[in-house]
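Listed here are the chains, written in short residue letters.
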Amino acid sequence: MSLKSRITLLSIATTLAVAGILVAVALVTQARMNHRVADAVLTGNALIWHQLVQDEHENISKEIEAFKNEFELRTAIKKKDLEKVREYADRYVNLTGDSGRYDALQVFDAEKAALYSSETALDLQGLSTLLDSALSSGEPVNGLLAAQDGRVYAVVAFPAKSRRKLLGVALYAKGLDTVLQRLADRSGSGVAISDVAGDLTANVGFPELDGGLERILTPSDSGGVDHLNTAENRFVVSSQPILDVQSNAVGKLLVARDDTEQLSELERLRWMALAMVL
């Protein structure tokens, strides 16, 4: 082989090696950028979500003062007079039909025995932990709990006292439909909640995605960001676990943002950069 041919082969090999290194650097940089974007999306959604849930707890608690102010109701709880508890709870406390502040109400004595339940009764998982916390602290306690049907509720446990003696606890629960609507309005995205089995239990404008959703629905104790498609659009879909009062994952919060134009532009820029490197 002539010297000229050797120099030509060496030049081609060197060019390919440099191009390969540059392509690898570009791919690594793109991966790091995607990771940072995913972290920013998850962090932003989590902050908004926690603030909206806290606002919902405060809305439930607002103006619910019957256990502090109604002597007859506190006396009925103290005597465990179920008929009177129901009468006064329906009259003074159970305001669902008028205000919609909560979906269900239950009343327990100091030994956690049920004294009253509104027509909408919820079998909430982790309820005992919330009651224990309210009974031990003597202060209102709130958190998220899942019902047997997989739906997640904002719950407030409100202690009833008489002369500083703890008589019982009222438990108010409300679904997260309002929270999801506010999150959708605030973020401009479709949002949903899935249960631990991966089935959607609440939905506000969440798109019908063409497969791939199962990748981010399981396992329920992890979160992430993925790009998923509909027939015409591309979405950045984030998922993160919803934790109950025992820090157990009871579902996932899903946020789907339509980024068709931005994703297409980034895809074009990526391919242009790779072509320029080559």
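Scroll up for the structure.
All values reported here derive from a predicted model rather than from experimental measurement.

### Some points on a nonpolar patch on the surface
Judged by side-chain polarity, L9, I12 and L16 come together as a nonpolar surface patch covering roughly 300 Å² of accessible area. Looking at the secondary structure, you find L16 in helix 1 (residues 3-61). Exposure remark for L16: the relative accessible area of 59% places this residue in the exposed category.

### Digging into the pairing of strand 10 (residues 249-258)
Of all ten residues in strand 10, seven are buried; the element is thus mostly enclosed. As paired elements, strand 6 (residues 190-194) and strand 10 share five bridges and run antiparallel to each other. If you follow A192 over to strand 10, its bridge partner there is L254. The sheet contact formed by strand 9 (residues 234-243) and strand 10 spans nine bridges and is antiparallel. By the bridge assignment for strand 10, F235 is matched with D258.

### What to know about a positive patch on the surface
A grouping of K78, K79, R163 and K165 is seen on the molecular surface, where their side chains present a positively charged patch. Along the chain, K78 turns up in helix 3 (residues 71-79).

### A word on the pairing of strand 3 (residues 141-146)
A large share of strand 3 lies buried, amounting to five of its six residues. Pairing of strand 3 with strand 4 (residues 152-162), which is carried by six bridges, proceeds in the antiparallel orientation. Counterpart to G143 in the pairing with strand 4 is V155. Linkage of strand 3 to strand 4, two consecutive antiparallel strands, is achieved through a turn of five residues, within which G150 is found at a positive phi near 95 degrees.

### Overview of the sheet that holds strand 8 (residues 224-229)
Strand pairing in a sheet is mediated by backbone hydrogen bonds. Such pairs are either parallel or antiparallel. The antiparallel open sheet is built from five strands, whose spatial order is 7-6-10-9-8. A strand with exactly one partner marks an edge of an open sheet, and here the two such strands are strand 7 (200-204) and strand 8. Geometrically, the sheet is characterised by an average inter-axis angle of 20 degrees between neighbouring strands, direction not taken into account.

### Section: the pattern of salt bridges
Side chains that differ in charge, positive against negative, can pair when their charged atoms come close. Going through the model one piece at a time under the given rule, you end up with eight salt bridges. Here D55 and R182 are joined by a salt bridge, their closest N and O atoms 3.5 Å apart. Of the two residues, D55 sits in helix 1 while R182 sits in helix 7 (residues 177-187), which places them 127 residues apart along the sequence. Judged by its relative accessible area of 19%, D55 is buried. By relative accessible area, R182 is classed as partly exposed at 33%. The salt bridge partner of K80 is E111, with a shortest N-O separation of 3.3 Å.

### Notes on helix 3
Since the α-helix packs 3.6 residues into each turn, any two residues three or four apart lie on the same face. Within the span of helix 3, buried status applies to L73, R74, A76 and I77. Down the axis of helix 3, the sector holding all buried residues measures 160 degrees, keeping them to one side. Among the exposed residues of helix 3, those oriented more than 90 degrees off its buried face are F71, K78 and K79. At the exit of helix 3 stands K80, carrying a positive phi of roughly 55 degrees.

### As for the side chain of S238
Inspection of the secondary structure assignment puts S238 in strand 9. Looking at S238, the relative accessible area reads 1%, which means it is buried. A polar atom in the side chain of S238 sits 2.9 Å from the side chain of N45.

### With respect to the nonpolar core
Within the largest apolar cluster, 38 residues are counted, with the highest numbers of intra-cluster contacts made by W49, I77, L144, L176, L180, I193 and I242. Among the elements that make up this core, the one with the highest residue count is strand 4 (five residues). Core analysis: the next-biggest nonpolar cluster, separate from the first, contains 18 residues, F108, L145, A157 and L171 among them.

### Some remarks on the sheet that holds strand 5 (residues 165-175)
If you walk across this open sheet you meet the five strands as 2-1-5-4-3, and the pairing is antiparallel. Whereas interior strands pair on both sides, the edge strands pair on one side only; in this sheet they are strand 2 (114-117) and strand 3. Here the average twist between neighbouring strands, direction ignored, is 25 degrees. Taken together, the three bridges between strand 1 (residues 104-109) and strand 2 define a ladder with antiparallel strand orientation. Counterpart to Q106 in the pairing with strand 2 is S117. Contacts from helix 3 reach strand 1, strand 2, strand 4 and strand 5, with the element oriented near 105 degrees to strand 5.

Calculation criteria
- Residues numbered from 1 in each chain as written.
- Predicted model: local features only at pLDDT ≥ 70, side-chain atom pairs only at ≥ 80, totals over all residues.
- Heavy atoms only, no water.
- Patch = residues over 30% accessible without salt bridge, like charges linked within 9 Å, V, L, I, M, F, W, Y side chains within 5 Å.
- Areas by Shrake-Rupley, 256 points an atom, 1.4 Å probe, with all protein chains shown as cover.
- Salt bridge = Lys/Arg side-chain N within 4 Å of Asp/Glu carboxyl O.
- Helix = DSSP H or I, 4+ residues; strand = E, 2+ residues; numbered from the N terminus.
- Buried < 20%, exposed > 50% of the residue type's maximum accessible area, 1.4 Å probe, protein only.
- Pairing = 2+ DSSP bridges.
- Lys, Arg positive; Asp, Glu negative; His and termini not counted.
- Charge placed at Lys NZ, Arg CZ, Asp CG, Glu CD.
- Axes fitted to C-alpha atoms, helices over the stretch in contact; angles between N-to-C directions.
- Arc of directions from axis to C-beta.
- Polar contact = N/O pair within 3.5 Å; in protein donor to acceptor, adjacent residues only side chain to side chain.
- Core = buried A, V, L, I, M, F, W, Y, C linked by side-chain atoms within 4.5 Å.
- Contact = heavy atoms within 4.5 Å.

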